[in-house]
Amino acid sequence: MSGLADCQSLLRLLIARGDPQAIPLAENAIDQYLAITPAGARGRGLCELQRDASDQHRAAVGVQRSFAETVDAYIARKLAEERVGAEG
């Protein structure tokens, strides 16, 4: 699970900084996590990342809040893709 922990740590750092130009870094971290994680564990990991981003969203203000919303939306899209892939 180090892939999840690494991704989570990076996302927390990026959300705390709130730099909109770092959104591609956040997306890349999530994509890399998905690439190294077995299919059966991806959904649980994404849910954990989403829960963490939501927690940060509630505590954040300004650009950090906006960044957390963007991360949350990206994770939600990836979760939906995982569900479709699991059905198909």
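Here the structure is a predicted model, which means the values were calculated and not measured.

(A) Focus on the state of the cysteines. A complete count under the given rule lists 0 disulfides for this structure. Between Cys 7, a cysteine without a disulfide, and Cys 47, which holds the nearest cysteine sulfur, the sulfur-to-sulfur distance is 13 Å.

(B) Structural detail: the packing of helix 2 (residues 23-36) against helix 3 (residues 39-59). Contact pair helix 2 / helix 3: the axes reach a minimum separation of 9 Å and the direction vectors enclose 155°. One way to sum up the angle between helix 2 and helix 3 is to call them roughly antiparallel. Once helix 2 is placed against helix 3, the crossing between them reads as right-handed. Every residue of helix 3 that contacts helix 2 at Ile 30, Tyr 33 and Leu 34 is listed here: Ala 41, Arg 42, Gly 45, Leu 46 and Leu 49.

(C) A look at the pattern of salt bridges. In the structure shown here, the tally under the stated rule is 5 salt bridges. Here the residues in one salt-bridge network are Asp 31, Lys 78 and Glu 81, joined through shared partners.

Conventions we followed
Residues numbered from 1 in each chain as written. Predicted model: local features only at pLDDT ≥ 70, side-chain atom pairs only at ≥ 80, totals over all residues. Heavy atoms only, no water. Disulfide = S-S within 2.5 Å. Axes fitted to C-alpha atoms, helices over the stretch in contact; angles between N-to-C directions. Helix = DSSP H or I, 4+ residues; strand = E, 2+ residues; numbered from the N terminus. Parallel < 35°, antiparallel > 145°, perpendicular 65-115°, else oblique. Left-handed = near helix turned anticlockwise from the far one by under 90°. Contact = heavy atoms within 4.5 Å. Salt bridge = Lys/Arg side-chain N within 4 Å of Asp/Glu carboxyl O.

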